Amino acid sequence: MTEMQSIHGEPSWILSNDSVELAVSRRAGHMAPVVFRTGGREFSPYSLSPWTREESNPELPELLRVLRGDFFCMPFGVSKEFPPHGHPANSDWDLISQSADELRLSISGGVDGATIEKVVSVRRGETAVYQDHIIRGWEGRYNYGNHPILDFSGIPEGQGRLSVSPFRWGSVYRGVFADPSIGEHGVMESGALFTDLKAVPLAAGGTTDVTRYPVRSGCEDLVMMVSEPATEAQPFAWSAAVMDGYVWFSLKNPADFPTTLFWLSNGGRQAEPWSSRHFGRVGIEEVYSHFFDGLEISREDRLAPEGIPTTREFHKDEAVSVRIVQGIVPVPAGFQTVASIVPDGPGRVTLQDENGQTVTAKVDWSYVL
């Protein structure tokens, strides 16, 4: 078993093979950095916050002191009886087992008898990370989600590309996401509906192209897209980010994660620990929730008229497994916004950009079904 290492100020477990090396922090279970190796190059898409634990205020939630990469949230958002994004995103995880290609952790859910098991695994020859969260002992309706944060801060303005699989409903956050009274700034029209990420309404009028990033410097905005249901031809939903010579992608079962959030964080928060230095980041968050509004509002079923579920029913006597795959694939120069990701036989997918260019990636897409 590999000894823990201090990564960006946090004791972390390490998984490493020929294609992937990743760290998962003991505190809060955040996964980053992740280094993907292929074709003689290394790619590291996940964000590390521009502060460390030692630099941050000890009164802040552990979530913010650790903030990095991807982490699991349950309940998702800000709730009355739980820390922000729940105990899994704030508290210490316990090691169950570790091998060369798999890490198993567990944590109490903060509800009597409730636990969550985290299984992170890698496979030789694949630039992908497989994550399974096994939820046991929960009773009632809860919201949850995976919360990856990618770092676009080294990419020239507007040169990155964001996209998701076809969605049946899209909306800017309904409420005040960026609060001017605490030094925050956003530009999108609260509650505005959209059908195209290239034409999202602005509060001042007109629209903005959310597929291009980083843009809108000094702003924090949040949009939500509800994935189309899976079909035989398209058995999974996806999200994608074209970065510097590669595409980061995420595959999910839309029955487990009906919704994708884009948290566009480009220096629009002035308060500690943000201090206007968390820029060029984007959270591409796969969730079962009402935006980031927390458990109580998610239980109100505000989107029921649109047929959009915002909580999932759990029972103490059953285990629920929610799986996701995140990976990368190099792309040729000029590769544009991802328009589709489809199965290409067992263990492969084909990604096509909006101009018809294609690349293939070795990944077990059936893992999420």
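No experiment lies behind these values; they were computed from the predicted model shown.

## Brief notes about the pairing of strand β9 (residues 115-121)
(1) Moving on: For β9, a buried count of six out of seven residues is recorded, marking the element as mostly surrounded by other parts of the structure.
(2) Moving on: Where strand β8 (residues 102-108) lies against β9, seven bridges are found, and the strand directions are antiparallel. By the bridge assignment for β9, arginine 104 is matched with valine 119.
(3) Moving on: Between the end of β8 and the start of β9, which pair antiparallel, lie six residues, with glycine 110 showing a positive phi angle near 85°.

## A few points about the nonpolar core
(1) Moving on: If you look at the biggest cluster of nonpolar residues, it comprises 59 residues, and the most contacted ones within it are Leu22, Met74, Val129, Leu150, Phe152, Leu162 and Phe262.
(2) Moving on: Residue contributions to this core peak at four residues, all from strand β4 (residues 31-38).
(3) Moving on: In this structure, phenylalanine 152 is in contact with Gly160, Arg161, Leu162, Tyr213, Pro214, Ala241, Val242, Met243, Gly280 and Val282, ignoring residues within four places of it in sequence.

## Focus on unusual backbone geometry
(1) Moving on: Following tyrosine 213, the chain continues into proline 214 via a peptide bond in cis, with omega recorded as 0°.
(2) Moving on: For the bond running from glutamate 272 to proline 273, omega is 5°, close enough to zero to count as cis.
(3) Moving on: Here proline 273 shows up in the loop between β23 (259-266) and β24 (281-288).
(4) Moving on: Here histidine 85, not a glycine, exhibits a phi torsion of approximately 65°, which is positive.
(5) Moving on: Within the secondary structure layout, histidine 85 lies in the loop between β6 (72-73) and β7 (94-98).
(6) Moving on: Even without a glycine there, the phi angle at serine 275 is positive, about 50°.

## Description of the environment of methionine 243
(1) Moving on: Considering the arrangement of structural elements, one finds methionine 243 in the loop between β21 (237-242) and β22 (246-252).
(2) Moving on: Methionine 243 sits in the buried class, given a relative accessible area of 7%.
(3) Moving on: Apart from the residues within four sequence positions on either side, methionine 243 is in contact with Pro45, Leu150, Asp151, Phe152, Ile155 and Trp248.

## Points about the pattern of salt bridges
Side-chain pairs of opposite charge can arise whenever the charged atoms involved come near each other.
(1) Moving on: If you walk through the whole model with that rule in mind, you get 21 salt bridges.
(2) Moving on: We note a salt bridge from arginine 323 to aspartate 132, for which the minimum N-O separation is 3.3 Å. Residue arginine 323 is found in strand β26 (residues 319-330), and its partner aspartate 132 is found in strand β10 (residues 128-136); the two are separated by 191 residues along the sequence.
(3) Moving on: One salt bridge in this structure joins arginine 269 and glutamate 184, with 3.7 Å as the shortest N-O distance. In this pair, arginine 269 sits in the loop between β23 and β24 while glutamate 184 sits in the loop between β15 (167-172) and β16 (193-194), placing the two residues 85 residues apart along the sequence.
(4) Moving on: One connected set of salt bridges, linked through shared partners, spans Glu10, Arg27, Arg53, Glu62 and Arg65.

## Quick word on the side chain of glutamate 117
(1) Moving on: With respect to the secondary-structure elements, glutamate 117 resides in strand β9.
(2) Moving on: A polar atom in the side chain of glutamate 117 sits 2.5 Å from the side chain of arginine 104.
(3) Moving on: In this structure glutamate 117 touches Trp93, Ile96, Arg104, Leu105, Ser106, Asp132, His133, Ile134 and Arg136, once residues within four positions along its chain are discounted.

Thresholds, definitions, all that
- Residues numbered from 1 in each chain as written.
- Predicted model: local features only at pLDDT ≥ 70, side-chain atom pairs only at ≥ 80, totals over all residues.
- Heavy atoms only, no water.
- Buried < 20%, exposed > 50% of the residue type's maximum accessible area, 1.4 Å probe, protein only.
- Helix = DSSP H or I, 4+ residues; strand = E, 2+ residues; numbered from the N terminus.
- Pairing = 2+ DSSP bridges.
- Core = buried A, V, L, I, M, F, W, Y, C linked by side-chain atoms within 4.5 Å.
- Contact = heavy atoms within 4.5 Å.
- Salt bridge = Lys/Arg side-chain N within 4 Å of Asp/Glu carboxyl O.
- Polar contact = N/O pair within 3.5 Å; in protein donor to acceptor, adjacent residues only side chain to side chain.

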